[in-house]
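What follows is each chain in one-letter form.
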Amino acid sequence: MAEVPLLEVLRRPIITEKTTTLAGEGNKYVFEVHPEANKLQIKEAVERAFNVEVAAVNTMWVKGKVRRVGRSRGRTSPWKKAVVTLKPGHRIDLFEGV
């Protein structure tokens, strides 16, 4: 497995009603990450990008959905999601006020 560059590990934050609740109550933040990134790389990328301490990283694969355009059917690409739990007293201000 190739080493993923640190700048490419985090793709985008996932901002939904459910993830906003997780951030407020459980100090957990959700990101779309590079498919080949492992938990250690994700932890290091979040700590460097947001200057926080990470307690845990959970990863999962989100399956692609079937979509239709007219008569043809296709499938969206699967993607990797990471739920990052921060240590008490740390938070990411990017998600505040969303």
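Preceding this paragraph is the structure being described.
Conventions adopted
- Residues numbered from 1 in each chain as written.
- Predicted model: local features only at pLDDT ≥ 70, side-chain atom pairs only at ≥ 80, totals over all residues.
- Heavy atoms only, no water.
- Phe/Tyr/Trp six-rings, centres within 6.5 Å; stacked < 30°, edge-to-face > 60°.
- Lys NZ or Arg CZ within 6 Å of the ring centre and 35° of its normal.
- Core = buried A, V, L, I, M, F, W, Y, C linked by side-chain atoms within 4.5 Å.
- Buried < 20%, exposed > 50% of the residue type's maximum accessible area, 1.4 Å probe, protein only.
- Helix = DSSP H or I, 4+ residues; strand = E, 2+ residues; numbered from the N terminus.
- Contact = heavy atoms within 4.5 Å.
- Expected span 1.5 Å × (residues − 1).
- Arc of directions from axis to C-beta.
- Polar contact = N/O pair within 3.5 Å; in protein donor to acceptor, adjacent residues only side chain to side chain.
- Salt bridge = Lys/Arg side-chain N within 4 Å of Asp/Glu carboxyl O.
- Pairing = 2+ DSSP bridges.

(A) Here's a closer look at the packing of aromatic side chains. In total, this model carries one aromatic pair according to the counting rule given. The ring of Trp79 has Arg12 lying over it, and the distance from NZ or CZ to the ring centre is 5.8 Å.

(B) Inspection of the nonpolar core at higher detail. One finds Phe31, Ile42, Val46, Val84, Leu86 and Ile92 to be the most contacted residues of the largest nonpolar core, which totals 17 residues. Looking at this core, the elements with two or more residues in it are strand S2 (28-33), helix H3 (39-50), strand S3 (54-62) and strand S6 (79-86). Contact partners of Val46, with chain neighbours within four places excluded, come to Leu10, Phe31, Asn51, Val52, Val54, Val84 and Ile92.

(C) Region of the structure containing H3. Taking 1.5 Å of rise per residue, 12 residues should cover 16 Å, and H3 covers 16 Å from first to last C-alpha, within 8% of that figure. Within H3 the residues assigned to the buried category are Gln41, Ile42, Ala45 and Val46. The buried residues of H3 all sit within an arc of 130 degrees when viewed along its axis, so they share a single face. Of the residues in H3, the exposed ones pointing more than 90 degrees away from the buried face are Leu40 and Arg48. In this structure, the buried side of H3 is in contact with helix H1 (6-9), strand S1 (10-13), S2, S3 and S6. Two or three places before Leu40, at the opening of H3, Asn38 has a side-chain oxygen 3.2 Å from that residue's backbone nitrogen.

(D) Molecular detail of the pattern of salt bridges. Enumeration according to the criterion identifies four salt bridges in this entry. Linking Glu32 and Arg12 is a salt bridge whose minimum nitrogen-to-oxygen distance equals 2.6 Å. One end of the pair, Glu32, is in strand S2; the other, Arg12, is in strand S1, and 20 residues separate them in sequence. Here Arg12 falls in the partly exposed class, since its relative accessible area comes to 42%. Measuring nitrogen to oxygen at the nearest pair gives 3.2 Å for the salt bridge that ties Asp93 to Arg91.

(E) The arrangement of the pairing of S6 in detail. The element S6 is largely enclosed, with a buried count of six among its eight residues. Sheet topology note: the S2/S6 ladder contains six bridges and is antiparallel. The residue of S6 that forms the bridge with Glu32 is Lys81. As judged from the eight bridges shared by S3 and S6, these two strands associate in the antiparallel manner. The residue of S6 that forms the bridge with Thr59 is Ala82.

(F) Examining the environment of Glu8 more closely. On the secondary structure map, Glu8 appears in helix H1. Residue Glu8 is classed as partly exposed on the basis of its relative accessible area, which comes to 43%. It is 8.1 Å that separates the C-alpha atoms of Glu8 and Val33, two residues lying 25 residues apart in sequence.

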